[in-house]
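# Structural characterization, general
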Amino acid sequence: MSEIFEYKCPNCGGPLRFDPSAQTVKCPYCDSEISVEYLSEQDKELDTITPEESAEWEKADDSTWDETEDGSMNLYVCESCGGEILAQDETIATSCPYCGNPVVFKGNIQGQLKPEFVIPFKLDKKDVKDRYLKHLEKKKFLPKEFKDENKINEWKAVYVPFWLFDCEAKGTVHYDATTVTAWSDRKHDFVKTSHYDVLREGTIAFDNVPVDGSVAIQDDLMQSIEPFDMNEAVDFKTAYLAGYLADRYTLASEDAIKYADARIRQSVKEEFAATVTGFASVMPKSENIGLLSGKAKYALLPVWFLGSTYKGEKYTFAMNGQTGKFVGNLPINKKAFWKQFLIRGLIFSAVIFALFLALFAF
Amino acid sequence: MKKKLKRILSITAILLLLAINLSGFAFADGDHHKVIDGADLLTADEEMLLEERLAEIENEYLLDAVVLTVDDTNGFEIEDFADTYYEENGFGIGEDRDGAMLVIDMGSRSWHITTMGKCISVLSDDALYTIENAMMDNLSNGYFYDAFYYGYAGNIEYFAQYFDESGEPYSDPSISDQADDYYNNGDYYYYEYEPVFDLWTTIKIYLPASLIPGFAFSFVMAKSEKNKLTSVRAKKEANSFIRRGSLNITNDRTRYMYSNVVVTVKQDNSGSGASHSGGSHVHMSSGGHVHGGRGGHF
């Protein structure tokens, strides 16, 4: 099973890793910088599928996709230390648990769709630490001890598999809109409400609507670190994965599409509704939205994950490995919340009451 | 000797008290008969029931409501007669002599209500006009008990309660014009009630009025601070992925369907003559005191 690919430094033989600040592959031992192109020559054997192929939505199934069950494991042998690595089918890249060498399982990439794009990591561990601390700043109701007592027990830099959908959405929406006019004569007040049928028909184009392709990773967590700047996406080369964790997708594009579909529809509704102006009220009566010329692309996007435990509860944080956007829910100090509410409430009430009394004095 | 003196003194004291009570000497505190039926319009039972009701009104609302019926007013104008009778017999509660008296003169078939003190405001022009309308039919047809018990006493209770609960005199803009007409002949002044600044009432009303917005505001602020702790939210839309400038509306027709008109009749608040409502017209009595009041014939 020579399916493990380990990038070795041509200079000293050390394990190569992708360096985000230099945006190249570097050897941590001799500081040599290796061009990604040189390494891509070694990838030639991985090119069993032409890179430009993407799943059209019209295609029901991709025949080359390896339909293995989730949860089945494979055994690999580390070429550096000989240690046995047990890895799931989804894993594309990881590190040897014994010697820490980065490994890429080319066998798991073979036989399935190769990612089209990858956005390389731009931020490293130090950046994550900085942004984590910044995330805790200025949070009024965060328990004071959290900063000290929150144990971060996991730092992971992962290339998360995403489906990116391009499409053109076509919509036909009818609205019931009203205008109101009012006037009076000496004895009566009149209010006239006029109803209009307003039509909006048109198209909007969407690029790279992302859907988290890993069932195991929380969707809302991935949505919260959007957007990624696709201008910095490069053609996929396995070299970029060196030193990072990566999984292949566990959600097929046909299943992922429905998540993108819902979001696209909602955007179409909002954009169309925004063009209906000048009315007192606008209510959508019928909405007919269809998606045309859809294209699905498979990409790996960089995400930092932090796992932590505080007072027995798990807290997960994620950071966009390209833009640095840091998210993660924090615990609330309820006592502090209610105390603030009470104190502020009393102060505001006292001020308002004083204003009332002042009114009476004059 | 001492024993005898004591005895004499105590007997004298008792006799004096008895005399005072029996003579019906009126203190300025309503401790007197409230129904003086000189013209004998009511039965003994009716008198007793009416007395009870008027006494209840005094207990509850601290005003002295009286009914007086006579066969003639000794040549006096009924308004003057009523004012003077009220003053000289010490009616009314407290130093302002709060109270009202209804006089029925069978000789001229006229009636008059005179008011003093707080009752001037409690029985505003609109209130007195309402009482007149309530009593008129019964007076004309000789149902005096009904007129006094329901038309007079019943309404006084209603207006007194209204005044207590709302802090304002009763006003009904739809009748203010007609109510005002009565005062066009004669020396009447228009008096608008101004509530005395009462700390307790002020606190009762304005404390909740400040607490509610105060705490609402505080809650909104605290909630927004709390929301900063939540940064993980699912996205319902894909707005950031819309290709710039790709929104292309190909058809934007607006078509008129129908309309409807809602007509409401205006509330005629100002009216043609009266520019006010809820106040009371007052005049000076011959005794030099301020009275409110109203009268007429039946």
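The rules behind the values
- Residues numbered from 1 in each chain as written.
- Chains lettered and ligands numbered in written order.
- Predicted model: local features only at pLDDT ≥ 70, side-chain atom pairs only at ≥ 80, totals over all residues.
- Heavy atoms only, no water.
- Helix = DSSP H or I, 4+ residues; strand = E, 2+ residues; numbered from the N terminus.
- Contact = heavy atoms within 4.5 Å.
- Areas by Shrake-Rupley, 256 points an atom, 1.4 Å probe, with all protein chains shown as cover.
- Pairing = 2+ DSSP bridges.
- Axes fitted to C-alpha atoms, helices over the stretch in contact; angles between N-to-C directions.
- Buried area = accessible area lost by both parts, 1.4 Å probe.
- Salt bridge = Lys/Arg side-chain N within 4 Å of Asp/Glu carboxyl O.
- Polar contact = N/O pair within 3.5 Å; in protein donor to acceptor, adjacent residues only side chain to side chain.
- Nonpolar A, V, L, I, M, F, W, Y, C, P; charged D, E, K, R; others polar.
- Buried < 20%, exposed > 50% of the residue type's maximum accessible area, 1.4 Å probe, protein only.
- Parallel < 35°, antiparallel > 145°, perpendicular 65-115°, else oblique.
- Left-handed = near helix turned anticlockwise from the far one by under 90°.
- Expected span 1.5 Å × (residues − 1).
- pLDDT = per-residue confidence, 0-100.

### Focus on the overall build of chain A
- A count of helices and strands for chain A gives 7 helices and 17 strands.
- In chain A, the proportion of contacts linking residues at least 24 apart, taken out of those at least 6 apart, comes to 73%.
- Surface summary for chain A: the accessible area is close to 18,000 Å², and the carbon and sulfur share equals 52%.

### Describing the sheet that holds strand E5 (residues 189–191) of chain B
All names here are of chain B.
- The sheet built from 7 strands is open, its strands ordered E1-E2-E3-E4-E9-E8-E5 with mixed pairing. Looking along the sheet, the strands with just one partner apiece sit at the ends: strand E1 (35–37) and E5. Averaged over neighbouring strand pairs, the angle between their axes works out to 30° when direction is ignored.
- Bridge count between strand E3 (residues 99–105) and strand E4 (residues 110–116): 7 bridges; the pairing is antiparallel. Looking at E4, one finds that Ile104 is bridged to Trp111.
- Together, strand E2 (64–70), E3 and E4 form the strand contacts of helix H6 (residues 144–166), whose direction differs from that of E2 by roughly 155°.

### Some details on the interface of chain A and chain B
- Counting from both sides, the interface comprises 71 residues of chain A and, opposite them, 55 residues of chain B.
- Carbon and sulfur atoms supply 62% of the area that chain A and chain B bury against each other, a total of about 5,800 Å² over both sides.
- The tally of links between chain A and chain B comes to 4 salt bridges.
- Two residues, Asp197 of chain A and Arg253 of chain B, come together in a salt bridge whose shortest N-O distance is 2.9 Å.
- Summed over the shared surface of chain A and chain B, the result is 30 residue pairs in polar contact (both at pLDDT 80 or more).
- Among the elements of the structure, strand E11 (151–184), strand E12 (188–212), helix H5 (219–224), helix H6 (253–274) and helix H7 (334–361) of chain A are those that each provide at least two residues to the side of chain A that touches chain B.
- With 23 residues, E12 of chain A is the largest single contributor of residues to the side of chain A that touches chain B.
- Across the side of chain A that touches chain B, the residue classes tally to 32 nonpolar, 20 polar and 19 charged.

### Structural notes on the side chain of Thr178 of chain A
All names here are of chain A.
- As for its position among the elements, Thr178 is in strand E11.
- Judged by its relative accessible area of 8%, Thr178 falls in the buried class.
- Within polar-contact distance, the side chain of Thr178 engages the side chain of Ser281 at 2.6 Å.
- If sequence neighbours within four positions are ignored, Thr178 has contacts with Thr193, Ser194, His195, Phe279, Ala280 and Ser281.

### Side note on the packing of helix H5 (residues 125–140) of chain B against H6 of chain B
Residue and element names in this part refer to chain B.
- Contact pair H5 / H6: the axes reach a minimum separation of 8 Å and the direction vectors enclose 165°. When the axes of H5 and H6 are compared, the pair comes out roughly antiparallel. Seen from above, H5 lies across H6 with right-handed handedness. Contact with H5, carried on its side by Ala127, Thr130, Ile131, Ala134, Met135, Asn138 and Leu139, involves Phe144, Asp146, Ala147, Phe148, Gly151, Tyr152, Asn155, Ile156 and Phe159 of H6 and no other residues of that element.
- Considering only residue class, the contact of H5 with H6 consists of 11 nonpolar, 4 polar and 1 charged.

### Section: the sheet that holds strand E2 (residues 17–19) of chain A
Residue and element names in this part refer to chain A.
- Here 3 strands make up an open sheet; going across it, the order is E2-E3-E4 and the pairing antiparallel. The strands lining the two open edges of the sheet, one partner per strand, are E2 and strand E4 (33–34).
- Two elements, E2 and strand E3 (residues 24–26), share 3 bridges in a ladder whose sense is antiparallel. Residue pairing in the sheet places Phe18 in a bridge with Val25 of E3.

### With respect to the side chain of Asp166 of chain A
Residues and elements named next belong to chain A.
- Secondary-structure assignment places Asp166 in strand E11.
- Residue Asp166 is classed as buried on the basis of its relative accessible area, which comes to 13%.
- Side-chain polar atoms of Asp166 contact the side chain of Lys297, separated by 2.9 Å.

### Re H6 of chain A
- With 22 residues, H6 of chain A should cover 32 Å at 1.5 Å per step; its first-to-last C-alpha distance of 31 Å lies within 8% of that length.
- Ser253, Ala256, Ile257, Ala260, Arg263, Ile264, Ser267, Val268 and Phe272 of chain A are the residues of H6 of chain A that are buried.

### What to know about the environment of Leu251 of chain A
Residue and element names in this part refer to chain A.
- By secondary structure assignment, the location of Leu251 is in the loop between strand E14 (245–247) and H6.
- The exposure class of Leu251 is buried, given its relative accessible area of 15%.
- Once the C-alpha coordinates of Leu251 and Pro161 are considered, the two residues, 90 residues apart in sequence, prove to be 9.4 Å apart.
- In this structure, Leu251 is in contact with Trp163, Val211, Asp212, Gly213, Val215, Ala256 and Tyr259, ignoring residues within four places of it in sequence.

### A short note on the confidence of the model for chain B
Residue and element names in this part refer to chain B.
- Looking at chain B as a whole, the pLDDT averages 87, with 90% of positions reaching at least 70.
- Every residue in residues 23–28 is under pLDDT 50, and counting partners more than four places away or in other chains gives 10 contacts.
- In the model, residues 270–274 has pLDDT below 50 throughout and makes 6 contacts with residues more than four positions away in sequence or in other chains.
- Overall fold confidence (pTM) sits at 0.60, and the ipTM for the predicted complex is 0.73.

### Considering unusual backbone geometry
- Residue Pro227 of chain A is bonded to the preceding Glu226 of chain A through a cis peptide linkage, with omega at -5°.
- Structurally, Pro227 of chain A is set in the loop between H5 and strand E13 (234–235).
- One non-glycine residue, Ser293 of chain A, adopts positive backbone phi at about 35°.
- Its location among the elements puts Ser293 of chain A in strand E15 (residues 281–310).
- Overall, Ser293 of chain A belongs to the exposed group, its relative accessible area being 57%.
- Although it is not a glycine, Arg109 of chain B sits at a positive phi angle of roughly 50°.
- Judged by relative accessible area, which is 33%, Arg109 of chain B ranks as partly exposed.

### What about the pattern of salt bridges?
- All told, the structure shown has 17 salt bridges over all chains when counted by the stated rule.
- The closest approach of N and O atoms between Glu58 of chain B and Lys34 of chain B, which form a salt bridge, is 2.4 Å. One end of the pair, Glu58 of chain B, is in helix H2 (residues 44–61); the other, Lys34 of chain B, is in the loop between helix H1 (2–22) and E1, and 24 residues separate them in sequence. Residue Glu58 of chain B shares its accessibility class with Lys34 of chain B, and that shared class is buried.
- Counted as one network, the salt bridges with shared partners bring together Asp197 and Lys285 of chain A together with Arg253 and Arg255 of chain B.

### Brief notes about the packing of H5 of chain B against helix H7 (residues 173–181) of chain B
All names here are of chain B.
- One way to put it is that H5 packs onto H7 with a least axis distance of 9 Å and a crossing angle of 85°. In terms of orientation, H5 and H7 fall into the roughly perpendicular class. Residues Asp125, Asp126, Tyr129 and Thr130 of H5 touch H7, and the partners they reach there are Ile175, Ser176, Gln178, Ala179 and Asp180.
- Residue composition of the contact of H5 with H7, by class: 3 nonpolar, 3 polar and 3 charged.

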